[in-house]
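Inside the fold
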Amino acid sequence: MTGFEIAGASAADMELLRAWADGEGWNPGNTDRFAFAVADPEGFLVGRCDGEPVACISAVRYGAGFGFVGFYIARPDVRGQGYGIRLWRAGMERLGGRLVGLDGVVEQQDNYRRSGFRPAWNNVRHEGVPQGDPDGAVEIVDASSLPFAQLAAYDRRFFPESRDAFLCAWTALPGRTALAAVREGRIEGLGVVRPSSGAARVGPLYAATPEVAAALLLRLAGHAPGGEVTVDVPDANPAAAALLAGLGLAPVFETARMYTGPAPELDLAGMYGVTSLELG
């Protein structure tokens, strides 16, 4: 490993991370990296061998007590040479003393267990063109029309720490659509759809009821090319998988949400799609 160095990612590196993730079949959103960068500007690490990028990882800090690992990739032609584990150790050191979460692909889950992670639930990616008509009784508005503090407070029900800078960018970046379901001034659902190299990604998808989730998803699909969307559905909410199957979406990919300690208390019954496999 002569000449191997680890440093923070540059703006150009962030585009490279997206391309590598796309090469793994993860289908990240085209502009997700802009929201990722504001979540924790120092949380993205790249390993270089003689100046050439060979591996990457994200180790993003949220608040004082939570962290999330993603983008753990070694370039295929250098795998097995120790670059990845060097980055892994650097990322975990950065998150020392925190509860750490990740979404692990099936082939890596045993390795994560050996590093102290334990599964909490599975996220099953569902893909397709939703079939049906939105429930007209559900009031859906542009999320940008609501006070941001209200959106942020609602998001906190589904995430262990506040993430205001990330959420602001995530819901407002050009090319994506954020919709909220409201009832008597209260938020009862939130969904975001953004373009990607494959089916448009939907996440988060939060809702008080399956009817609200369906209404949001059908409206969001109207902003996707050809209406095709993909949603990472937590199996900890059985109603979510049943709903998406009923709308005509099929499972295509699976990860395990894993934590280094007890899983945080979240509103899983209201979570129909996680925000991002890369940052939680």
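These remarks concern the structure in this document. Note that this is a predicted model, so its numbers are computed, not measured. (Residues numbered from 1 in each chain as written. Predicted model: local features only at pLDDT ≥ 70, side-chain atom pairs only at ≥ 80, totals over all residues. Heavy atoms only, no water.)

This next bit is on the state of the cysteines. Across all of its chains, the model carries 0 disulfides by this definition. Looking at C56, it has no disulfide partner, and the nearest cysteine sulfur is the one in C49, 15 Å off. (Disulfide = S-S within 2.5 Å.)

For the rest of this paragraph, the subject is the pattern of salt bridges. Counting across every chain of the model gives 19 salt bridges. Notably, a salt bridge pairs R33 with E15, separated by 3.2 Å at the nearest N-O pair. Of this pair, R33 sits in helix α2 (residues 32-39) while E15 sits in helix α1 (residues 11-23); the two residues are 18 residues apart in sequence, bridging distant segments of the chain. Connected through salt bridges with shared partners, the residues E15, R18, D22 and R33 form a single ionic network. (Salt bridge = Lys/Arg side-chain N within 4 Å of Asp/Glu carboxyl O. Helix = DSSP H or I, 4+ residues; strand = E, 2+ residues; numbered from the N terminus.)

The subject of this paragraph is the side chain of T275. Looking at the secondary structure, you find T275 in the segment after β13 (271-273). For T275, a relative accessible area of 4% corresponds to the buried category. Within polar-contact distance, the side chain of T275 engages the side chain of R163 at 3.1 Å. A polar contact is formed between the side chain of T275 and the side chain of Y206, at a distance of 3.3 Å. In contact with T275, not counting residues within four places along its chain, are R163, F166, W170, R194, G203, P204, Y206 and G280. (Buried < 20%, exposed > 50% of the residue type's maximum accessible area, 1.4 Å probe, protein only. Polar contact = N/O pair within 3.5 Å; in protein donor to acceptor, adjacent residues only side chain to side chain. Contact = heavy atoms within 4.5 Å.)

When the terminal C-alpha atoms of helix α3 (residues 83-94) are compared, their 17 Å separation across 12 residues agrees well with the 16 Å that a helix rising 1.5 Å per residue should span. Taken together, the buried residues of α3 touch β1 (4-8), β2 (44-49), β3 (52-62), β4 (66-74), β5 (99-105) and α4 (109-114). (Expected span 1.5 Å × (residues − 1).)

Let's shift gears to the packing of aromatic side chains. One pass over the structure, following the stated rule, counts 20 aromatic pairs. Cluster of aromatic residues (ring-pair linked, three or more members): Y62, F66, F68, W121, F159 and Y259. The ring centre of F159 lies 3.9 Å from the NZ or CZ of R163, which sits over that ring. Across from the ring centre of W170, 4.7 Å away, lies the NZ or CZ of R176, which sits over that ring. (Phe/Tyr/Trp six-rings, centres within 6.5 Å; stacked < 30°, edge-to-face > 60°. Lys NZ or Arg CZ within 6 Å of the ring centre and 35° of its normal.)

So, on to the packing of α1 against α2. For the pair α1 and α2, interaxial distance at closest approach is 10 Å and the crossing angle is 125 degrees. The pairing of α1 with α2 is recorded here as oblique in orientation. Pair α1 / α2 crosses with right-handed handedness. Contacts between α1 and α2 pair M14, E15 and R18 from the former with R33, F36 and A37 from the latter. (Axes fitted to C-alpha atoms, helices over the stretch in contact; angles between N-to-C directions. Parallel < 35°, antiparallel > 145°, perpendicular 65-115°, else oblique. Left-handed = near helix turned anticlockwise from the far one by under 90°.)

There is about 670 Å³ of room inside the largest pocket. Lining the largest pocket are 32 residues, and of these Y72, I73, V105, Q108 and Y112 lie nearest its centre. Among the secondary structure elements, those contributing two or more residues to the lining of the largest pocket are β4, α3, β5, α4 and β12 (250-259). For the lining of the largest pocket, the element with the most residues is β4, which contributes 6 residues. (1 Å grid on protein atoms, 1.4 Å probe; cavity = no way out; pocket = protein on both sides within 12 Å on 5 of 7 lines; lining within 4 Å. Points joined across faces, edges and corners; volume = space filled by probe spheres on them.)

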